[in-house]
Amino acid sequence: MAGVLVPPAQGRGRDLLFTPTGLEVVERIRSTFSDWRQGIANSRRRLGSSLTVGTTEFTLPFLARVWERVEPELMAREVELKVVHVRTRDFRQRLDSNQVNLLCGGLAAPVGDGLLAPEYDFLEWHREGLALLTNLSVRELPARRVGVERLRNLPLVIPSRGVIADFVERWYSPDFRTHLQVVAEIDDIYYGLALLRSELTRGCMLCARSIGEVAVAGRLPGGEGFRLVEFADDFDPMLQLVSGVIARKGERDTYDALHPLNVLWEAFREEAASARPLPL
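Fair warning: this is a prediction, and the values are worked out from it, not measured in the lab.

A few points about the overall build of the protein
So, point 1. Helix and strand content of the protein: 8 helices and 13 strands.
So, point 2. Sequence separation of at least 24 residues holds for 77% of the intrachain contacts in the protein that already meet a minimum separation of 6.
So, point 3. Counting only carbon and sulfur atoms, one obtains 53% of the accessible surface of the protein, whose full area is about 15300 Å².

Some remarks on helix H8 (residues 260-274)
So, point 1. Helix length check: H8 (15 residues) gives 21 Å between terminal C-alpha atoms against 21 Å at 1.5 Å per residue, within 8%.
So, point 2. Every buried residue of H8 is listed here: Pro260, Leu261, Asn262, Val263, Leu264, Trp265, Ala267, Phe268 and Glu271.
So, point 3. Looking at the buried positions of H8, the neighbouring elements they touch are strand E3 (50-55), helix H2 (60-76), strand E5 (102-110), strand E6 (120-128) and strand E13 (239-248).
So, point 4. Looking at the residues trailing H8, positive phi occurs at Ala275, about 60°.

Here's the deal with the nonpolar core
So, point 1. By size, the foremost hydrophobic cluster in this structure holds 42 residues, and its most contacted members are Leu132, Leu151 and Tyr172.
So, point 2. Among the elements that line this core, the one with the most residues is helix H5 (residues 163-172), at 6 residues.
So, point 3. The residues contacting Tyr172, other than those within four sequence positions of it, are Val148, Leu151, Arg152, His179, Leu180 and Phe235.

Regarding the sheet that holds E6
So, point 1. With mixed pairing, 5 strands are arranged side by side in an open sheet as E4-E3-E5-E13-E6. Across the chains shown, the open sheet's two edge strands, defined by having one partner strand only, are strand E4 (80-85) and E6. The mean angle between the axes of side-by-side strands here comes to 30°, regardless of whether they run parallel or antiparallel.
So, point 2. Packed onto the sheet, H5 meets E5 and E13 and runs at close to 20° relative to E5.
So, point 3. Along the sheet, H8 contacts E3, E5, E6 and E13; its crossing angle with E6, the most-contacted strand, is approximately 25°.

Things to note about the pairing of strand E11 (residues 204-208)
So, point 1. The element E11 is largely enclosed, with a buried count of 5 among its 5 residues.
So, point 2. Strand direction decides the pairing type here: strand E7 (residues 130-134) and E11, joined by 5 bridges, are antiparallel. Looking at E11, one finds that Leu130 is bridged to Ala208.
So, point 3. The sheet contact formed by strand E9 (residues 155-159) and E11 spans 2 bridges and is parallel. By the bridge assignment, Val157 is partnered in E11 with Met205.

As for the pattern of salt bridges
So, point 1. Evaluation of the coordinates by the stated rule reveals 16 salt bridges.
So, point 2. Between Arg202 and Glu199 there is a salt bridge, with the nearest N and O atoms lying 2.7 Å from each other.
So, point 3. Three or more residues are tied together by salt bridges with common partners; here these are Arg65, Arg69, Glu270, Glu271 and Arg276.

Quick word on unusual backbone geometry
So, point 1. At the junction of Asp236 and Pro237, the peptide bond is cis and its omega measures out at 0° in the coordinates.
So, point 2. By the element assignment, Pro237 lies in the loop between strand E12 (227-231) and E13.
So, point 3. If you check the backbone angles, Asn98 has positive phi at about 60° while not being a glycine.
So, point 4. With respect to the helices, strands and loops of the structure, Asn98 is situated in the loop between helix H3 (91-96) and E5.
So, point 5. For Asn98, a relative accessible area of 28% translates into the label partly exposed.
So, point 6. Phi at Ala117 is positive, roughly 45°, even though this residue is not glycine.
So, point 7. Looking at the secondary structure, you find Ala117 in the loop between E5 and E6.

What counts as what
Residue numbering note: each chain is counted from 1, following its sequence as written. In keeping with the predicted nature of the model, local features appear solely for residues at pLDDT of at least 70, side-chain atom pairs appear and are counted solely at 80 or more, and the whole-chain, interface and lining totals rest on all residues. To obtain the side-chain values, all non-hydrogen atoms of the structure were included, while hydrogens and water were left out. Where helices and strands are cited, they refer to DSSP runs of H or I of at least four residues and of E of at least two residues respectively, numbered from the N terminus. The contact criterion used throughout is that any non-hydrogen atoms of two residues lie within 4.5 Å. Each accessible area is a Shrake-Rupley result for a 1.4 Å probe, and residues are judged covered by the shown protein chains and nothing else. To estimate how far a helix should extend, the number of its residues minus one is multiplied by 1.5 Å. Only protein chains enter the accessibility calculation, which uses a 1.4 Å probe; a residue whose area is less than 20% of its type maximum is buried, one above 50% is exposed, and one in between is partly exposed. Side-chain atoms within 4.5 Å link the members of a nonpolar core, which is a set of buried Ala, Val, Leu, Ile, Met, Phe, Trp, Tyr and Cys residues. Between any two strands, at least two bridges found by DSSP are needed for them to pair. Axis definition: a line fitted to C-alpha atoms, limited for helices to the stretch in contact. Angles are taken between N-to-C directions and run from 0 to 180 degrees. Salt bridges are defined by distance alone: a side-chain nitrogen of Lys or Arg within 4 Å of a carboxyl oxygen of Asp or Glu.

Next up, the structure:
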């Protein structure tokens, strides 16, 4: 077999070893197939036969509600919807590499009206602040509101990356771990809930206020028995978690109004304007 070497000492049933030439051929084949699949995906996107939408776990219900508005029309046109789980830290990479058409998620943004993510098209649907979800007793943490200095001295559970980490970096610098008492770093809220619930860690987890309320109400796994502590208004800058839909800048303008990307975008706009409560 060209490009492979079978060592005599290995015998039958042993793995074949590729020579450097064989490895180069394999790598080129992989690259070719990857480019071919990406080309097909790009063609289907331009033709409007498929849509790929990335969501975080907590924006998935909003996509489901919006999809109800357009499903009959797009299903009649045999448009395929693909939904992928994307963490906020991967938003830019997923969009810039054309892996998704739209993203549903949140950004840390200053309080007030301002241009958000100017390098992308952004459609806002909700704003809220952060809160602390804690298993500390009232005796351990009697304050109802925590300010920028008090937060430095609390045992904190913080996501290692993502939109919540963006808040902390902007308040305490990218080197925030040297300014805060971080007792645990997590990858998702469910691990944080389990960690606090187990009592292995006594502390406060930073989260979106609405998610904290749902956890306190016992509507998230492992969320019972916690309480919510508000943030004071002395953080600089004052930030909010702004949820919305993100698309590549100007891409929608290259398609007509009936293209599935524009149909779904307009459905998001209508739902955001309806002022219906967020599905959590």
